[in-house]
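Structural overview for review
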Amino acid sequence: MNSTPAKVLERVGKITRRVDGTALAKGKPVFADDIHLPGMLHLKILRSPHAHAHIREIRTEKALKTPGVVLILTHKDFPVHYFTTAGQGYPEPSPRDIRILDDTVRFVGDRVAVVVAETLEAAEAALAVIEVDYDILPANFDPEKAQAGNPVLHPETGKIDIHDAAHNVASHLEATLGDIQKGFEESKWVFEGRYSTPYAQQAHIEPHITLTWLDENERLVIRTSTQVPFHVRRIVAEVLNYPMRNIRVIKPRVGGAFGGKQEILNEDLCAAVTLRTGRPARLEFTRAEELYAARSRHPQIVKFKIGVNADHTIHAIDMDILENCGAYGPHALTVMSVTAQKALTLYRSPHVHVRGKAVYTNLSVAGAYRGYGAPQGFFALESIMDEIAHNLDIDPIAFRHKNYVTAGEDVPIAKILGEGREGFPVVIESTGLHDCLEEGKKLIEWDALRTAEKSGVQRRGVGVACAAQGSGIAGIDMGAVFIKMNEDASFNLLMGATDLGTGSDTALAQIAAEVLEVPVEKILVYSSDTDMTPFDTGAYASSTTFISGGAVKKAAEKLKARILKQGLILLDEKDGTIEKGVVIGSGGDRISYEEICTRSFYTENQTQLMATASHMSYDSPPPFNATFADVTVDVETGLVRVNKIVSVTDAGQVINPHMAEGQVEGAIPQSLGMALTEFMIFDESGRPVNTNFRDYHIYTAIDMPDIITRFIHTHEPNGPFGAKAVAEIPINGPAVAVTNAIFNACGVRIRELPITPEKILSKFDEVES
């Protein structure tokens, strides 16, 4: 089932220059903020200093007198309408629990008012003189305590799809396979563990930034750094009650997103200002706003109870998820669903039960972040797998080999637990996890490091973690493509797929070039413009290569068939083939792509050679990964140094090796940051403490360990040229591989991230005593 197709690929799987590389290298104006619009207005948001309060009165008279101030908007300027900021499929599975501006604030940083001015400086000056009278309300920062409903964060009528507002439960899930109690009764051993992960921020270089204006036809244009341009259009139209036909959303180059821009955070306000004033408007978040007022990873407490048979096979898994979604619930249900579904996909078990609650608190709002719940789930799962292996005195790799799913097996949890709704059957058609583990084992020198003596102050250890993900959302994600041919045998590829800096424009061009048998340079890519390109759900859920790539392959195949048919007409032949941009008739006559297109335009059987295609799949084939960590623990200071990370991934047929390596090499520091240095701190009043990159420490070049990246080649029959996803899978393993390596080094088991010297030292004292 992992067989490789016979056809030799000439463009797919090859290192290829990025289609946007030259413009980026030369610093061309390709990003959202790289254009200047005459008469542009600048927006600044007044944010709440309180974690929970009712706005009794807002006095803006002084602020309006500030030179340069044009307009100030408050909740009084908008009708009451609840929506979700999550850029997801429609109807959205997230609660509709937020207003564009509200008379109640629910976290420090919530929107209070918007100042619109001729300059940024004038807008900032006006913020300082707005007077707000608040009635302070009780606040809750603990998701376990918040379920008591004191206070209730969302008591208002009109809010939709909140699971249990009275107990602050935004969303809930539960699923069962087999008989979980019977499974535990039949198991020889039963193990339990509780694991937690903190808030962590995407920390993309480019902040959220949006520019809006009216074009020559008085249509609203939104130029924004987003992952989801078509969702932006739909949600802005709804929130402002403005005709969708009069909105155009343009996604330029994006300076990083990682899930944080799968959200409508400033487009609604900019659009409202432009529609009220008729002038261009601009809103850019500061780094502090990104860290406490944008979106972050959902903190979760995950509990596992696992029953194991005498032959070391898993017999029963019970999983409990408590998710802190912050003050509002974008992505609350679906992140939790992914936590459960991806973790429970990896190992077979006849008896499974999972329950989850996403709970409101008066803290910053969580949302989409690369991995989308899977890193939290795999931190828990791969921790307890390591603990079980240790307690049963078996090699952690051997224990995983014994239990992971293999080719030909179905994944029953995928059928009953999709993203926010029932899913679809999944059968594993391709997996290279065995080889991922074996290759990584050699590269990390597993046997030598694991069994080496653990003594002295500096103690070295090794750990492993396995992970799975998905390739798009089965039955939901859809991408569409239009390709047309030009006289010089170049092709315009227009698609809604959203390149976030990942290089997806290049990868999709490679797929088109492979089908059409032309150089990649002949594929001219234009993407992510709601007026000019076909629909695409957006760049999330590791969907672009599998879903959008599937649409590109379909469209290119249709166009290739039409080129062949047209070429044979022009040659007056009945049969023939295409070879490297030339149609060859059965009689041996030849006609080039250039001549076919030119004659088709101007002289004979005139037509535009073009094709469109859409792709949606009920399959979401999981990529697999094994990550290994080599660490040194100083048992006197508690400091942990990560020496090496080895990441071995099965992503099917890799489309572009350099870009795939870049995905892995970018995911590793994000996961190491979550493990060791990145966590959002709030004081006793819910105020954010670390709101800059000095205090919120992301991994930098000087922190990085040695990284070894490898790919195991498999062929996924449902993917374009055998490809599966690669974007998210490598972020799931490094954090837990590090904690498992720490245990191997010094006997300290870390079940709560982040890892700190204090935790190491206190637990080491327990181990040594």
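No experiment lies behind these values; they were computed from the predicted model shown.

Overview of the overall build of the chain
Secondary structure assignment for the chain yields 20 helices and 26 strands. Across its three principal directions, the C-alpha atoms of the chain cover 90 × 75 × 50 Å. If you take every contact in the chain between residues at least 6 apart in sequence, the share linking residues at least 24 apart comes to 80%. For the chain, the exposed surface amounts to about 27700 Å²; the carbon and sulfur share of it is 51%. Counting 77 positive and 99 negative side-chain charges, the chain places the centres of these two groups 2 Å from one another.

Considerations on the packing of helix 11 (residues 396–403) against helix 13 (residues 433–444)
Relative orientation of the contacting elements helix 11 and helix 13 amounts to 170 degrees, with a least axis distance of 10 Å. Taken together, the axes of helix 11 and helix 13 are roughly antiparallel relative to one another. Contact with helix 11, carried on its side by Ile397, Arg400 and His401, involves His434, Leu437, Glu438 and Lys441 of helix 13 and no other residues of that element. A breakdown of the residues in the contact of helix 11 with helix 13 according to their chemical character gives 2 nonpolar, 2 polar and 3 charged.

Structural notes on unusual backbone geometry
Cis geometry is adopted by the peptide bond preceding Pro151, which originates at Asn150 and carries an omega value of 5 degrees. Summarising the element assignment, Pro151 is placed in the loop between helix 4 (143–146) and strand 7 (169–177). Each neighbour pair has its own omega, and for Leu753 with Pro754 the value is 5 degrees, a cis peptide bond. Within the secondary structure, Pro754 sits in the loop between helix 19 (734–746) and helix 20 (757–768).

Here's the deal with the environment of Thr637
Here Thr637 is to be found in the loop between strand 24 (624–634) and strand 25 (640–650). Along the sequence, Thr637 and Thr334 sit 303 residues apart, while their C-alpha atoms lie 40 Å from each other. Apart from residues lying up to four places away in sequence, Thr637 is in contact with Pro757 and Leu761. In terms of polar contacts, Thr637 uses its side chain to reach the backbone amide nitrogen of Leu639, at 3.2 Å.

Concerning the packing of aromatic side chains
A complete count under the given rule lists 8 aromatic pairs for this structure. Seen in terms of ring centroids, Phe230 and Phe535 are 5.1 Å apart; in terms of plane orientation they differ by 65 degrees. Their pairing is edge-to-face. Remark: Phe535 occurs in the loop between strand 19 (523–527) and helix 16 (544–571) and Phe230 occurs in helix 6 (residues 229–239); sequence separation between them is 305 residues. With 6.0 Å between their ring centres and 85 degrees between their planes, Phe601 and Tyr602 make a pair best called edge-to-face. For Lys305, the ring lying beneath its charged end belongs to Phe184, and the centroid distance is 4.5 Å. The positively charged end of Lys553 is found above the aromatic ring belonging to Phe721, 5.1 Å away from the centroid.

Focus on helix 10 (residues 374–391)
Here helix 10 spans 25 Å end to end across 18 residues, near enough to the 26 Å set by a 1.5 Å rise per residue. Among the 18 residues of helix 10, 16 are classified as buried, and the element is accordingly described as predominantly covered.

Considering the packing of helix 10 against helix 11
At their nearest, the axes of helix 10 and helix 11 sit 9 Å apart, and the two run at 110 degrees to each other. Taken together, the axes of helix 10 and helix 11 are roughly perpendicular relative to one another. As helix 10 packs across helix 11, the resulting crossing turns out to be right-handed. Contacts from Glu382, Met385, Asp386, Ile388 and Ala389 in helix 10 reach Pro396, Phe399 and Arg400 in helix 11. Taken together, the residues that form the contact of helix 10 with helix 11 break down as 5 nonpolar, no polar and 3 charged.

Let's talk about the environment of Val116
Among the structural elements, Val116 can be located in strand 5 (residues 111–117). For the pair Val116 and Phe743, spaced 627 residues apart in sequence, the C-alpha separation works out to 54 Å. The contacts of Val116, once residues within four sequence positions are left out, are Leu41, His42, Leu43, Gly68, Val69, Val70, Leu71 and Val273.

Here's the deal with helix 6
Most of helix 6 is tucked away: 10 of the 11 residues are buried. By the burial criterion, the buried members of helix 6 are Pro229, Phe230, His231, Val232, Arg233, Arg234, Ile235, Val236, Ala237 and Val239. Buried residues belonging to helix 6 abut strand 10 (220–224), strand 11 (247–250) and helix 7 (267–277). Remark: Asn241 follows helix 6 within two positions and exhibits a positive phi of approximately 50 degrees.

Quick notes on the sheet that holds strand 24
Strand order across the open sheet formed by 4 strands is 16-24-25-26, with mixed pairing between neighbours. Among the strands making up the open sheet, the edge pair consists of strand 16 (458–468) and strand 26 (706–711). In this sheet, neighbouring strand axes are inclined to one another by 10 degrees on average, regardless of whether the strands run parallel or antiparallel. Direction of pairing for strand 25 relative to strand 26: parallel, over a ladder of 6 bridges. If you follow Val648 over to strand 26, its bridge partner there is Arg710.

Observations concerning the domain arrangement of the chain
Looking at the assigned domains, one finds that the chain contains domain 1 (21–29 + 478–616), domain 2 (41–137 + 208–284) and domain 3 (300–473 + 619–768). One C-alpha centre belongs to domain 1, the other to domain 3; they are set 38 Å apart. Facing 18 residues of domain 1, the contacting portion of domain 3 comprises 20 residues. Buried area between domain 1 and domain 3, both sides added, is near 1400 Å², and the carbon and sulfur share of it is 71%. On the domain 1 side of the interface with domain 3, the three residues burying the most area are Ala541, Ser542 and Phe546, jointly 44% of the side's total. For the interface between domain 1 and domain 3, the tally reads 4 residue pairs in polar contact (both at pLDDT 80 or more). Within the side of domain 1 that touches domain 3, the residues separate by chemical class into 7 nonpolar, 9 polar and 2 charged.

Considering the sheet that holds strand 4 (residues 104–105)
Each strand in a sheet pairs with its neighbour through backbone hydrogen bonds, running either in the same direction (parallel) or in the opposite one (antiparallel). Strand order in the open sheet made by the 3 strands is 4-2-6, with antiparallel pairing throughout. Both outer strands of the open sheet, strand 4 and strand 6 (131–136), are each paired with one neighbouring strand and no more. Strand direction decides the pairing type here: strand 2 (residues 53–59) and strand 4, joined by 2 bridges, are antiparallel. For Ala53, the partnering residue across the bridge sits in strand 4 and is Val105.

Overview of the pattern of salt bridges
Counting across every chain of the model gives 47 salt bridges. The shortest N-O distance in the salt bridge between Asp386 and Arg400 comes to 3.9 Å. In this pair, Asp386 sits in helix 10 while Arg400 sits in helix 11, placing the two residues 14 residues apart along the sequence. Its relative accessible area of 7% is what places Asp386 among the buried residues. You can call Arg400 buried: its relative accessible area is 0%. Two residues, Glu517 and Lys560, come together in a salt bridge whose shortest N-O distance is 2.7 Å. Of this pair, Glu517 sits in the loop between helix 15 (504–516) and strand 19 while Lys560 sits in helix 16, and the two are 43 residues apart along the sequence. A relative accessible area of 22% means that Lys560 is categorised as partly exposed. Connected through salt bridges with shared partners, the residues Arg99, Asp102, Asp103, Arg106, Glu156 and Lys159 form a single ionic network.

Examining the side chain of Thr431
Within the secondary structure, Thr431 sits in the loop between helix 12 (412–416) and helix 13. We classify Thr431 as buried; its relative accessible area is 11%. Here Leu433 takes part through its backbone nitrogen, which lies 3.2 Å from a polar atom of the side chain of Thr431.

Structural notes on the nonpolar core
In globular proteins that are soluble, nonpolar side chains generally tend to be buried together. In terms of nonpolar packing, the biggest core is built from 102 residues, with Phe304, Ile742 and Ile755 touching the most fellow members. Beyond its immediate stretch of four places on either side in the chain, Phe304 contacts Phe191, Glu192, Gly193, Ile317, Asp318, Met319, Leu344, Gly377, Ala380, Leu381 and Ile384. Judged by nonpolar contacts, the second largest core, of 43 residues, contains Ala489, Val518, Leu571 and Ala613.

Definitions and cut-offs
Residues numbered from 1 in each chain as written. Predicted model: local features only at pLDDT ≥ 70, side-chain atom pairs only at ≥ 80, totals over all residues. Heavy atoms only, no water. Helix = DSSP H or I, 4+ residues; strand = E, 2+ residues; numbered from the N terminus. Contact = heavy atoms within 4.5 Å. Areas by Shrake-Rupley, 256 points an atom, 1.4 Å probe, with all protein chains shown as cover. Lys, Arg positive; Asp, Glu negative; His and termini not counted. Charge placed at Lys NZ, Arg CZ, Asp CG, Glu CD. Axes fitted to C-alpha atoms, helices over the stretch in contact; angles between N-to-C directions. Parallel < 35°, antiparallel > 145°, perpendicular 65-115°, else oblique. Nonpolar A, V, L, I, M, F, W, Y, C, P; charged D, E, K, R; others polar. Polar contact = N/O pair within 3.5 Å; in protein donor to acceptor, adjacent residues only side chain to side chain. Phe/Tyr/Trp six-rings, centres within 6.5 Å; stacked < 30°, edge-to-face > 60°. Lys NZ or Arg CZ within 6 Å of the ring centre and 35° of its normal. Expected span 1.5 Å × (residues − 1). Buried < 20%, exposed > 50% of the residue type's maximum accessible area, 1.4 Å probe, protein only. Left-handed = near helix turned anticlockwise from the far one by under 90°. Pairing = 2+ DSSP bridges. Domains from an automatic or database assignment. Buried area = accessible area lost by both parts, 1.4 Å probe. Salt bridge = Lys/Arg side-chain N within 4 Å of Asp/Glu carboxyl O. Core = buried A, V, L, I, M, F, W, Y, C linked by side-chain atoms within 4.5 Å.

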